[in-house]
Amino acid sequence: MKRVIVGLSGGVDSSVAAYLLKEQGYEVIGLFMKNWHDDSVTISDECPWLDDSNDAMLVADKLGIPFQTVDLSEQYKERIVDYMFDEYQKGRTPNPDVLCNREIKFDVFMKIALELGADYVATGHYCRKGTIEKDGKQIYQLLAGVDTNKDQSYFLCQLSQEQLSKALFPIGELTKPQVRDIATKLDLVTADKKDSQGLCFIGKVRLPEFLQQKLKPKEGVIVEIPKEKELYNLDMPVFDSKEKELQYLTKKIDYAIADGTIVGKHQGAHYFTKGQRKGLAVGGTVEPLFVIETDVDENVIYTGQGKLHPGLLKRALFVSNDELHWIREDLALDINETMVVNARIRYRQALEKAKLYKVDNGLFVEFENVQSAITEGQFVAWYLGDELVGSGVIS
């Protein structure tokens, strides 16, 4: 009998995942990961991880499976939290959920599971795993979940073949309503529990508050750049190579305070991210203001009016070689090769037609339509059909 360790998070998805595996005849063990107990950074007055671990325990009890808690807070702090602060200080916007899956659930946690004699690790993600044979070798595929509304393949875009080989996603074939339905029929305590928000595993934390405790406030100015600015009305030059054209399309605009008007003050450029609308507290504009660029060195936030401000829109992005990742290593592009894909630059975004161009120092992704708020530090993931084949950090 194959042994599976399920990451029971105290939510409905992992609860039902555990139940389904048991039904399929696996020996199932529930493991709750405690990822946070740093009191120097208080997260909220409630103690959500206690509630969650309690719910996870009740679910395990109900399903009649063994249950234990592991404390991964040290690794979590090192690999996720420190990395996040570091990225924010550089003016980039990291994605903790993607990292959490790569570094914690499918690395630290997986190692613990394998030490406990597990054959597989299972999670409550809405995605599926496929297996194909190629040149006599088994290759694992990461496929989108059947519930297009909830598909979470994006969060797993950094997994490797090795990690996928040991992963199971029992609810990938189901929709969220079906999952809730099963939980209700089984009378699980998590049946009506709301989906968790906030940082992966830290519980109910709001990111800005979390950041403010570590990154010191520093007053600076908010500058509004008008749409009509000549910066945006440059004619596209003629290029002698596709690569030069792509370099031009991905180039950052260098804004200066003199390019616009000072419209307000902020408490630190590193708290803000491109495309952000809330938290600027500047009124009196015809359309809402959006952050179009942050300058953490000069501590200036540049903004523009409206969703379609030219400072928000771009057609291409770049991923450097050291931040480029292929789940399907067999499909990795060689220099000068291209691939037509569908891609997204954030979770919940509809897939967009794009073309990959591999160059010497990395990979360009050129979209058919302009994209809004392409943000450094976030992940771009690309798909062939419903299979996620690769991803990278936007530079």
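Each remark here, short or long, concerns the structure printed above.
All of the points below concern the structure found in this document. Quick caveat, the model's predicted, so the values are computed rather than measured.

1. Concerning the overall build of the chain
Broken down by element type, the chain carries eight helices and 18 strands. Expected size for 395 residues packed as a compact globule is a radius of gyration near 21 Å; at 23 Å, the chain falls within 12% of this value. Projecting the C-alpha coordinates of the chain onto the three principal axes gives extents of approximately 65 × 55 × 35 Å. Per-residue burial for the chain yields a buried fraction of 53% across its 395 residues. Nonlocal contacts in the chain, meaning residues at least 24 apart in sequence, comprise 70% of its contacts between residues at least 6 apart. Looking at the chain as shown, the accessible area adds up to about 18500 Å², and 48% of this sits on carbon and sulfur atoms. Looking at charge distribution, the chain has the averaged site of its 48 positive side-chain charges lying 2 Å from that of its 61 negative ones.

2. Quick notes on the sheet that holds strand β8 (residues 220-224)
For sheets, the rule is that strands pair by backbone hydrogen bonds, running either parallel or antiparallel. Here we have four strands laid out as an open sheet, ordered β9-β8-β11-β10, and mixed in their pairing. Each edge of the open sheet is held by one strand with a lone partner, namely β9 (261-266) and β10 (289-295). The sheet shows a mean angle of 30° between the axes of neighbouring strands, direction not considered. Two elements, β8 and β9, share five bridges in a ladder whose sense is antiparallel. Across the sheet, residue E224 finds its bridge partner in β9, namely T261.

3. As for the sheet that holds strand β3 (residues 67-71)
The strand order across the open sheet formed by five strands is β3-β2-β1-β4-β7, and the pairing between neighbours is parallel. Every other strand in the sheet has two partners, leaving β3 and β7 (167-168) as the edge strands with one partner each. Pairing geometry for strand β2 (residues 27-34) and β3, over five bridges, is parallel. By the bridge assignment for β3, L31 is matched with Q68. Contacting β1 (3-7), β2, β4 (120-122) and β7, helix α1 (residues 12-23) crosses the sheet at an angle of about 170° to β1.

4. Quick look at helix α6 (residues 176-185)
Turning to α6, its buried residues are K176, V179 and A183. The arc enclosing the buried residues of α6, seen along the axis, measures out at 60°, which places them on a common side. Turned more than 90 degrees away from the buried face of α6 sit P177 and K185, all of them exposed. Those residues of α6 that are buried lie in contact with α1.

5. Description of the nonpolar core
Counting 52 residues, the largest nonpolar core has I104, F109, L142 and F169 as its most contacted members. Those elements that place two or more of their residues in this core are β2, α3 (73-89), α4 (96-115), β6 (137-144), α7 (207-212), β10, β17 (379-384) and β18 (387-393). Sort the elements by how many residues they give to this core and α4 lands first, with nine residues. Among all residues touching L142, those that are not within four sequence positions of it are C127, R128, S153, L156, C157, L164, F169, I327, D386, E387 and L388. In this structure, A18, F32, L168 and L188 belong to the second largest nonpolar core, which totals 25 residues.

6. Describing the pattern of salt bridges
Evaluation of the coordinates by the stated rule reveals 30 salt bridges. Among the salt bridges present, the one from K252 reaches E293, with a minimum N-O distance of 3.5 Å. Residue K252 is found in the loop between α8 (242-250) and β9, and its partner E293 is found in strand β10; the two are separated by 41 residues along the sequence. Look at K252 and you get partly exposed, because its relative accessible area is 41%.

7. Here's the deal with the packing of aromatic side chains
Within the structure shown, the criterion is met by eight aromatic pairs. Look at F239 and Y248: their rings are 5.3 Å apart centre to centre, the planes differ by 50°, and that puts the pair in the tilted class. When its relative accessible area of 26% is taken as the criterion, F239 is described as partly exposed. Among the residues examined, Y248 registers a relative accessible area of 26% and is labelled partly exposed. Grouped by ring-pair contacts, the aromatic residues Y154, F155 and Y347 constitute a single cluster.

8. What to know about α8
One turn of the α-helix equals 3.6 residues, which is why residues spaced by three or four share an orientation. Taken together, the buried positions of α8 are occupied by E245, L246, L249 and T250. All buried residues of α8 fall inside an arc of 125° around its axis, so they share one side. Structurally, α8 contributes buried residues whose contacts are with β12 (313-320), β15 (352-359) and β16 (362-372).

Parameters and conventions
- Residues numbered from 1 in each chain as written.
- Predicted model: local features only at pLDDT ≥ 70, side-chain atom pairs only at ≥ 80, totals over all residues.
- Heavy atoms only, no water.
- Helix = DSSP H or I, 4+ residues; strand = E, 2+ residues; numbered from the N terminus.
- Rg over C-alpha atoms; globule rule 2.2 N^0.38 Å.
- Buried < 20%, exposed > 50% of the residue type's maximum accessible area, 1.4 Å probe, protein only.
- Contact = heavy atoms within 4.5 Å.
- Areas by Shrake-Rupley, 256 points an atom, 1.4 Å probe, with all protein chains shown as cover.
- Lys, Arg positive; Asp, Glu negative; His and termini not counted.
- Charge placed at Lys NZ, Arg CZ, Asp CG, Glu CD.
- Pairing = 2+ DSSP bridges.
- Axes fitted to C-alpha atoms, helices over the stretch in contact; angles between N-to-C directions.
- Arc of directions from axis to C-beta.
- Core = buried A, V, L, I, M, F, W, Y, C linked by side-chain atoms within 4.5 Å.
- Salt bridge = Lys/Arg side-chain N within 4 Å of Asp/Glu carboxyl O.
- Phe/Tyr/Trp six-rings, centres within 6.5 Å; stacked < 30°, edge-to-face > 60°.

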